[in-house]
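Residue-level listing of the chains:
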Amino acid sequence: MKYDYLIVGAGLFGAVFANRMREAGRTCLVIDRRGTLAGNIYTKEEAGIQVHKYGAHIFHTSNKRVWEYIQQFAEFNHYINSPVAVYKDELYNLPFNMNTFSKMWGVRTPAEAREKIAGQIAGLHIENPANLEEQALSLAGPDVYEKLIKGYTEKQWGRDCKDLPAFIIKRLPLRFVYDNNYFTDPYQGIPKGGYTRIVEKLLGDTPVRLGISYHEFLKENGQKGDAGDSFGKTLYTGMIDEYFNYCLGELQYRSLRFEEEVIPGCDNYQGNAVVNYTEREVPYTRIIEHKHFEFGTQADTVITREYPAEWKRGDEPYYPVNDELNNALYERYRRMAEKEENVLFGGRLGLYRYMDMDKVIEAAISLAESEQ
Ligand code: UDP
């Protein structure tokens, strides 16, 4: 064998797996159909600013082992994610906390805020929330739901909140302190110099071929690599349904469209890295001003408007739609995957699961360990 592993996908999962396997003395070849490394955490310097080309990525974890591991590959700054939400001409702090409640209702103390929310919820009579709308209403009441949740969520997922699973909103708890830190994890930051460099360092001298799909690679090399670059096992981090030629049907994904704008001579466009637009009528969900992730002082700025989009074959898949129907279909693909000899599946697309970066690292390390 020329390589112990063929790794399909040069994203975070593939790169961490390659890193751990190389440490264990194994050889890997990484391929990716994109012309760039780092999958969706790819960052590129523009106007002296690290631009998150496939959506903003803020690193956060409560896993000390993961935090220590990733810091071998980058120095992290002290960025704390504190998004601002714009609803019509009103501005609110996120996540939902005393700053939000105070702005919304003029309350000052946690007791007043709790009383206000209890009053909003009373009379709704939702015992077992069956969907996202019921979950949000029973958690925060109609004011927060209408102004900060409904429009944003319906734009992002392209469907009515009544047709969405309740678990999505569990990511947004209520907080009765004046604290705008979006995450509750003890470790958080942005890697100085961007994410692409992390992936470069993770891969080290592992050979990489960019701009070649798995399909093209197999055609070139024979099914088991016997005609060229031979390999023992494959780690596949692409879409699991695509791997099986959609033989059981397509899984659904949500896609995104990014509209990037360099604004020369503007040193500060919106005063925050992340500003969410929560009303339905504004077509984008958020504007990212990249320089604020690194406390940039450049004379110019780069912003990205993020438009949610329905996914169709050929588009970039971003979010798996983990509703019952899709999860059931994924389960059938997963059972097929179990039977694939010498093929491992990993990452957000291979496992059809929303995963934060720290969870990706955890899962890739543990897969690598189980291979030793
Ligand atoms: N959300 C919301 N209003 C906001 C931000 C988020 O209702 O201003 C909800 C929405 O349902 C969304 C979920 O929280 O789908 C997760 O949002 P987040 O921005 O954390 O997701 P990301 O795309 O950053 O992973």
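*Asks:* Help me understand the sheet that holds strand β15 (residues 319-320), please; the structure alone is not making it clear to me.
*Replies:* Sheets are built from strands paired through backbone hydrogen bonds, the pairs being either parallel or antiparallel. Across the sheet, which stays open at both edges, the seven strands sit in the order β7-β6-β12-β13-β14-β11-β15 with mixed pairing between neighbours. What marks the edges here is a single partner per strand, and that holds for β7 (90-93) and β15.

*Asks:* I tried to follow the layout of surface pockets on my own but got confused; where do I start?
*Replies:* Any empty space left between the atoms is revealed when a probe the size of a water molecule rolls over them. Taken as a whole, the second largest pocket encloses approximately 250 Å³ of empty space. What lines the second largest pocket is a set of 13 residues, among which His-60, Phe-183, Thr-184, Asp-185 and Asp-356 lie closest to the centre. Elements with a contribution of two residues or more to the lining of the second largest pocket: β5 (59-61) and α11 (357-370). Partitioned by chemical class, the residues of the lining of the second largest pocket number three nonpolar, four polar and six charged.

*Asks:* Would you mind showing me how to read the nonpolar core here?
*Replies:* In summary, soluble globular proteins display a tendency toward joint burial of nonpolar side chains. Among the nonpolar cores identified, the biggest contains 105 residues, and Phe-17, Phe-59, Phe-101 and Ile-361 are the most heavily contacted of them. Here this core gets nine residues from one element, more than from any other, and that element is helix α5 (residues 132-157). With 10 residues, the next largest nonpolar core counts Tyr-277, Ile-287, Ile-303 and Tyr-307 among its residues.

*Asks:* What is the right way to look at empty space enclosed by the protein in this model?
*Replies:* Taken as a whole, this structure holds two cavities of 30 Å³ or more when the rule is applied. Space inside the second largest cavity adds up to approximately 30 Å³. As for the second largest cavity, its lining consists of Leu-12, Ile-41, Phe-59, Ile-70, Tyr-195, Ile-198, Met-357 and Ile-361. Listed by contribution, the elements that provide at least two residues to the lining of the second largest cavity are α6 (195-203) and α11.

*Asks:* Mind showing me how you'd approach the sheet that holds strand β10 (residues 231-236) here?
*Replies:* Across the sheet, five strands lie side by side as β9-β2-β1-β10-β16; this open sheet has parallel pairing. Of all the strands in the sheet, the pair left with one neighbour each is β9 (208-210) and β16 (343-345). With direction set aside, neighbouring strand axes in the sheet form an average angle of 20°. In this sheet, β10 lies alongside strand β1 (residues 3-8) in parallel orientation, the contact comprising five bridges. When the sheet's bridge partners are listed, Val-8 is paired in β10 with Tyr-236.

*Asks:* Can you help me understand helix α4 (residues 110-121) in this one?
*Replies:* Residues spaced three or four apart along an α-helix point in a common direction, a consequence of the helix completing one turn every 3.6 residues. Given a rise of 1.5 Å per residue, 12 residues ought to cover 16 Å, and the 16 Å separating the end C-alpha atoms of α4 matches this to within 8%. Where α4 is buried, its residues meet α3 (98-105) and α5. One or two residues past the end of α4 sits Gly-123, with phi positive at roughly 95°.

*Asks:* Can you walk me through unusual backbone geometry in this structure?
*Replies:* Keep in mind that most residues, glycine aside, have a negative phi and that most peptide bonds are trans. Each neighbour pair has its own omega, and for Leu-94 with Pro-95 the value is -10°, a cis peptide bond. Examined against the element boundaries, Pro-95 turns out to sit in the loop between β7 and α3. Positive phi values are uncommon outside glycine, yet Ala-38 reaches one of about 85°. Summarising the element assignment, Ala-38 is placed in the loop between β2 (28-32) and β3 (43-46). Assessed through its relative accessible area of 1%, Ala-38 is described here as buried. One non-glycine residue, Lys-88, lies in the positive phi region at around 50°.

*Asks:* How do you make sense of the pattern of salt bridges when you look at a structure like this?
*Replies:* Should their charged atoms come close, side chains of opposite charge can pair. Per the counting criterion, the structure on display carries 26 salt bridges. Between Lys-147 and Glu-90 there is a salt bridge; the shortest N-O distance is 3.0 Å. Linking Lys-147 in helix α5 with Glu-90 in strand β7, this pair joins segments that are 57 residues apart in sequence. A relative accessible area of 25% means that Glu-90 is categorised as partly exposed. Between Arg-286 and Glu-306 there is a salt bridge, with the nearest N and O atoms lying 3.1 Å from each other. Placement of the pair is Arg-286 in strand β13 (residues 286-289) and Glu-306 in strand β14 (residues 301-310), with a sequence separation of 20 residues. Glu-306 gets classed as buried once you look at its relative accessible area, which sits at 2%.

*Asks:* Explain the environment of Met-239 here, please?
*Replies:* In this fold, Met-239 is placed in the loop between β10 and α8 (240-243). Given a relative accessible area of 5%, Met-239 falls into the buried group. Residues Met-239 and Leu-349, spaced 110 residues apart in sequence, show a C-alpha to C-alpha distance of 4.6 Å. Setting aside residues no more than four positions away along its own chain, Met-239 makes contact with Tyr-246, Tyr-253, Trp-311, Pro-317 and Leu-349.

*Asks:* Whenever I open this one, the packing of α4 against α5 confuses me. Can you help?
*Replies:* To describe two helices that pack against each other, one gives the angle between their axes and the distance between the axes. Packing of α4 against α5 leaves a shortest axis separation of 8 Å and a crossing angle of 100°. In terms of orientation, α4 and α5 fall into the roughly perpendicular class. Contacts between α4 and α5 involve Ile-117, Gln-120 and Ile-121 from the former and Leu-137, Ser-138, Leu-139, Ala-140, Gly-141, Pro-142 and Asp-143 from the latter. Looking at the contact of α4 with α5 residue by residue, the class counts come to six nonpolar, three polar and one charged.

*Asks:* So what exactly am I meant to see when it comes to the pairing of strand β12 (residues 274-277) here?
*Replies:* The side chains of a regular strand alternate, first on one face of the sheet and then on the other. Both faces of β12 are covered, namely the face carrying Val-274 and Asn-276 and the face carrying Val-275 and Tyr-277. Pairing geometry for strand β6 (residues 84-87) and β12, over three bridges, is parallel. Bridge pairing links Val-84 to Val-275 in β12. Here three bridges tie β12 to β13, and the two strands are oriented antiparallel to one another. Counted as the bridge partner of Asn-276 is Arg-286 from β13.

Cut-offs applied
Residues numbered from 1 in each chain as written. Predicted model: local features only at pLDDT ≥ 70, side-chain atom pairs only at ≥ 80, totals over all residues. Heavy atoms only, no water. Pairing = 2+ DSSP bridges. Helix = DSSP H or I, 4+ residues; strand = E, 2+ residues; numbered from the N terminus. 1 Å grid on protein atoms, 1.4 Å probe; cavity = no way out; pocket = protein on both sides within 12 Å on 5 of 7 lines; lining within 4 Å. Points joined across faces, edges and corners; volume = space filled by probe spheres on them. Nonpolar A, V, L, I, M, F, W, Y, C, P; charged D, E, K, R; others polar. Core = buried A, V, L, I, M, F, W, Y, C linked by side-chain atoms within 4.5 Å. Buried < 20%, exposed > 50% of the residue type's maximum accessible area, 1.4 Å probe, protein only. Axes fitted to C-alpha atoms, helices over the stretch in contact; angles between N-to-C directions. Expected span 1.5 Å × (residues − 1). Contact = heavy atoms within 4.5 Å. Salt bridge = Lys/Arg side-chain N within 4 Å of Asp/Glu carboxyl O. Parallel < 35°, antiparallel > 145°, perpendicular 65-115°, else oblique.

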